[in-house]
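The chain contents come next:
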Amino acid sequence: MATRAIAIEDVKSGEQSEAVYEHPFVVRLCHWLNAICLFVMVGSGLQIFRAFPSFGAKIPQKDLLHWPKAFALGGWLGGALQWHLTFMWIYIATGLLYVGYQVFSGNYKQVLFVRRDIPGIWPMVRHYFFFGPKPPAREAYNPLQKHAYTSAIGLGALSVLTGIAIWKPVQFSWLASLMGGFHWARLWHFLIMWALLAFVFGHLVMVVLHGWNNFVSMFTGWKKDPEYRVQ
Amino acid sequence: MSSPISRRKFSSVSRREVLKLTPMVALGAFAIPKLQKPLLKGGLAVSDWASAKLFRSGRLAPTFDDSEVTPFSKFPINDYDVDDPEVDLEHWTLNVSGAVQKAGEYTLAQIQAFPKITQNTRHLCVEGWDVIGRFGGTRLSDFLNSIGADPAARFVSVECADDYYESLDMPTAMHRQTLLCYEMYDQPLTREHGAPLRLQIPTKVGYKQAKYLTRLTVSHVIDRVGYWEDQGYSSFYGL
């Protein structure tokens, strides 16, 4: 896949630097739409959860945790459901647009974790968590990044499927059965939210660690002074 | 790589790329208090529209073995007002009106004259909990057919002894599992569970299962949907 690169020249000093076009418009658009959707879906989802913070019986009710109202969206169950049932359409549309674009443009090769990325996982883990040497960067995303992003897309798809199973447990009863029944589908939906939040946390830590040029690239598409050379 | 461009040119290229994202600002409308309410109402309406489209008359709600039924003592009692609105069971009748050929007062015996359906189905509350209950009653469709309800009518609405009110879309009202329920757990409805007659609709969320019915109206338009719906809950909430 051809990644576009340009050389930038400082007119006064003649100094040259480089930038690569890493994030196409649709990818950036979907990224930020999804960030907003996740914020709303998680916030309203937690408010919905507050109405019955348990995964067991109603009588007797054993609450799993008391989530503070200050960290939830919608104010009350009805309000939270309005947010949730409105933004789920934007969330789904964004997901479909993203996946459709990646597939048809071929841009998925930049991010999709494939078998040949497996050997690169351990060196990256050693670098990130055990102060190992930094493996040379050859492309936009290292194997561990690809794994994280590919997993996040998978989790997004599962969040929708588990959501449908608990929203329409009659029309899509087969989907609920596939997940082990209505109760399991509701629990999966909840656990997948936490998995997505864990991804977002790691993602934000990495954004901070990787500096300004990397952060700006998700707005402009262009990454200045990339760590890798474009062939 | 193409020939180098100046820093200034790169800045303008970058800026143009950022500006392409500006339509996203439209989502900020959700943060404006005045616009938020109508936008969310619209979003909920889209969901309700999609829900009605997803509804299949032939699709049955899952039914359960007797062994899976939640014990009667653990079937929650939910009201918005009182457990027992003190219905005079001796003189109770269901007032039927609207787009029907045989309007009037119907006794419990008249409603019970239709074939009795007994089903173990899930009762799912909007809050997220659920129980499996055992319900018995007359198919609402049998009753509607016998009173000559206009098949082109769009809604069946009910009023309750405790001032609760609800409405159903006609496809759901005609669904074969939708009951005018007069028995739970093979016993006549207790007062807390809606004696003498309640709705039981396994394809709808809990707040649609109105208790202590007093009036039933078949109509083409409704000016109010239901007690909870009119406060912001989903109008359709089909499962």
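Small disclaimer: the values here were computed from a predicted structure and weren't measured. (Residues numbered from 1 in each chain as written. Chains lettered and ligands numbered in written order. Predicted model: local features only at pLDDT ≥ 70, side-chain atom pairs only at ≥ 80, totals over all residues.)

**Overview of the overall build of chain B**
Threshold: Strands here are runs of E lasting at least two residues and helices are runs of H or I lasting at least four, both read from the DSSP assignment and numbered beginning at the N terminus. Our radius of gyration looks at C-alpha atoms and nothing else; its globule reference is 2.2 Å times the residue count to the power 0.38.
Looking only at helices and strands, one finds five helices and eleven strands in chain B. Its C-alpha radius of gyration of 24 Å places chain B more than 25% over the 18 Å reference for a compact globule of 239 residues. The principal-axis extents of the C-alpha atoms in chain B amount to approximately 90 × 40 × 35 Å.

**A closer look at the overall build of chain A**
Stated formally: Labels follow a simple rule on C-beta atoms placed from the backbone: if 20 or more others lie within 10 Å of a residue's own, it is buried; if 12 or fewer, it is exposed; otherwise it is partly exposed. We call two residues in contact if the C-beta atoms placed from their backbones are at most 7 Å apart.
Within chain A, the regular secondary structure consists of six helices and three strands. Written out in order from the N terminus, the α and β elements of chain A read β-β-α-α-α-α-α-α-β. Considering only C-alpha atoms, chain A reaches an extent of 75 × 35 × 35 Å along its principal axes. Considering chain A as a whole, with its 231 residues, one finds that 30% of them fall into the buried category. Taking the intrachain contacts of chain A between residues at least 6 apart in sequence as the baseline, contacts between residues at least 24 apart amount to 59%.

**A look at the pairing of strand β11 (residues 213-219) of chain B**
What counts here: Pairs of strands are assigned from DSSP output, requiring at least two bridges between the strands.
Of the strand pairs in this sheet, strand β2 (residues 94-98) of chain B and β11 of chain B are connected by four bridges, and their pairing is parallel. Bridge pairing in β11 of chain B places serine 97 of chain B opposite threonine 217 of chain B.

**Things to note about the sheet that holds strand β7 (residues 165-169) of chain B**
All names here are of chain B. Applied cut-off: Note on method: axes are straight lines fitted to C-alpha atoms, helices fitted across the in-contact stretch only, with angles between N-to-C directions ranging 0 to 180 degrees.
Across the sheet, which stays open at both edges, the five strands sit in the order β3-β2-β11-β6-β7 with mixed pairing between neighbours. Lying at the two open borders of the sheet, with one neighbouring strand each, are β3 (104-106) and β7. Geometrically, the sheet is characterised by an average inter-axis angle of 20 degrees between neighbouring strands, direction not taken into account.

**As for unusual backbone geometry**
Here the bond from isoleucine 59 of chain A into proline 60 of chain A is cis, since omega is -5 degrees, no more than 30 degrees from zero. Tracing the backbone shows proline 60 of chain A in the loop between α1 (25-51) and α2 (77-105). For the bond running from alanine 195 of chain B to proline 196 of chain B, omega is 0 degrees, close enough to zero to count as cis. Residues other than glycine seldom take positive phi values, yet glutamate 86 of chain B does so here, at roughly 55 degrees. With respect to the helices and strands, the residue glutamate 86 of chain B is situated in the loop between α2 (33-54) and β2. One non-glycine residue, tyrosine 237 of chain B, lies in the positive phi region at around 25 degrees.

**Observations concerning helix α6 (residues 182-220) of chain A**
Spacing of three or four residues puts side chains on the same side of an α-helix, whose turn is 3.6 residues. Rules: Every helix has an expected span of 1.5 Å times one less than the residues it contains. Note that bend, as reported per residue, equals the angle between axes fitted to the 7 residues terminating at that residue and the 7 residues originating from it.
Between its terminal C-alpha atoms α6 of chain A stretches only 43 Å, short of the 57 Å expected from 39 residues at 1.5 Å a residue. Roughly 125 degrees is the biggest bend found in α6 of chain A, and it falls at glycine 211 of chain A. For α6 of chain A, the set of buried residues is Phe182, Ala185, Arg186, His189, Ile192, Met193, Ser217 and Thr220 of chain A. Buried residues along α6 of chain A sit in contact with α1, α4 (143-167), α5 (173-178) and β3 (222-224) of chain A together with α1 (7-19) and β5 (130-139) of chain B.

**Overview of α2 of chain B**
Condition: Taking the helix axis as origin, the arc is that swept by the directions to the C-beta atoms.
Given a rise of 1.5 Å per residue, 22 residues ought to cover 32 Å, and the 32 Å separating the end C-alpha atoms of α2 of chain B matches this to within 8%. Buried within α2 of chain B we find Leu40, Gly43, Leu44, Ser47 and Ser51 of chain B. For α2 of chain B, the angular spread of the buried residues around the axis is 95 degrees, confining them to a single face. The exposed residues of α2 of chain B that point more than 90 degrees off its buried face are Lys34, Leu35, Pro38, Lys41, Gly42, Trp49 and Lys53 of chain B. Looking at the packing, one finds that the buried side of α2 of chain B touches α2 of chain A.

**A few points about the environment of leucine 140 of chain B**
All names here are of chain B. Residue placement: leucine 140 occurs in helix α4 (residues 140-146). Residue leucine 140 is classed as buried on the basis of its C-beta count, with 26 C-beta atoms lying within 10 Å. Excluding anything up to four places from it in sequence, leucine 140 contacts Ala173, Thr178, Leu179 and Leu180.

**Quick look at the sheet that holds strand β1 (residues 5-6) of chain B**
An order of β3(A)-β2(A)-β1(A)-β1(B) is seen for the four strands of this open sheet, with the pairing classed as mixed. Looking at which strands have only one partner, the edges of the open sheet turn out to be β3 of chain A together with β1 of chain B.

**Quick word on the nonpolar core**
The line we're drawing: By definition, a nonpolar core groups buried Ala, Val, Leu, Ile, Met, Phe, Trp, Tyr and Cys residues that are joined through C-beta atoms within 7 Å.
Residues Cys37, Val40, Met41, Ala80, Leu81, Trp83 and Phe87 of chain A are the most contacted members of the largest nonpolar core, which totals 34 residues. Those elements that provide at least two residues to this core are α1, α2 and α6 of chain A together with α2 of chain B. The greatest single-element share of this core, amounting to ten residues, is contributed by α1 of chain A. Residues contacting alanine 80 of chain A, with those up to four places away along its chain left out, are Ser44, Gln47, Ile48, Leu73 and Gly74 of chain A. If you look at the next biggest cluster of nonpolar residues, it comprises 33 residues, including Ala161, Cys181, Leu189 and Ala195 of chain B.

**What about the packing of helix α3 (residues 121-130) of chain A against α4 of chain A?**
Each pair of packed helices can be summarised by the angle the axes make with each other and by the distance between the axes. Residues and elements named next belong to chain A. Rules: If an angle is under 35 degrees, it is roughly parallel; if it is over 145, roughly antiparallel; if it lies from 65 to 115, roughly perpendicular; otherwise it is oblique. As a working rule, the residues Ala, Val, Leu, Ile, Met, Phe, Trp, Tyr, Cys and Pro are called nonpolar, Asp, Glu, Lys and Arg charged, and the rest polar, with Gly in that last group.
Two elements in contact, α3 and α4, have axes separated by 8 Å at closest approach and are oriented at 95 degrees. Classified by the interaxial angle, the pair formed by α3 and α4 is roughly perpendicular. Taking contact as the criterion, the partners of Ile121, Met124, Val125 and Tyr128 in α3 are, on α4, Pro143, Leu144 and His147. For the contact of α3 with α4, the class distribution of residues is six nonpolar, one polar and no charged.

**Re the interface of chain A and chain B**
The interface is formed by 40 residues belonging to chain A together with 39 residues belonging to chain B. Among the elements of the structure, β1 (5-9), β2 (16-21), α1, α2 and α6 of chain A are those that each provide at least two residues to the side of chain A that touches chain B. Taken together, the residues that form the side of chain A that touches chain B break down as 25 nonpolar, nine polar and six charged. Looking at chain direction, β1 of chain A and β1 of chain B are connected through two bridges and run parallel. When the sheet's bridge partners are listed, glutamate 9 of chain A is paired in β1 of chain B with serine 6 of chain B.

**Observations regarding the confidence of the model for chain B**
The following threshold applies: As a per-residue measure, pLDDT tells how confident the predictor is, with possible values from 0 to 100.
Counting all residues, the mean pLDDT for chain B is 94, and 99% of those residues have values of 70 or more. The ipTM, which scores confidence in the relative placement of chains, is 0.93 for this predicted complex, and the corresponding pTM is 0.93.

**What to know about the environment of phenylalanine 49 of chain A**
Residue and element names in this part refer to chain A. Secondary-structure assignment places phenylalanine 49 in helix α1. Judged by the 23 C-beta atoms lying within 10 Å of it, phenylalanine 49 falls in the buried class. Residues within four places of phenylalanine 49 in sequence aside, it is in contact with Trp67 and Phe190.

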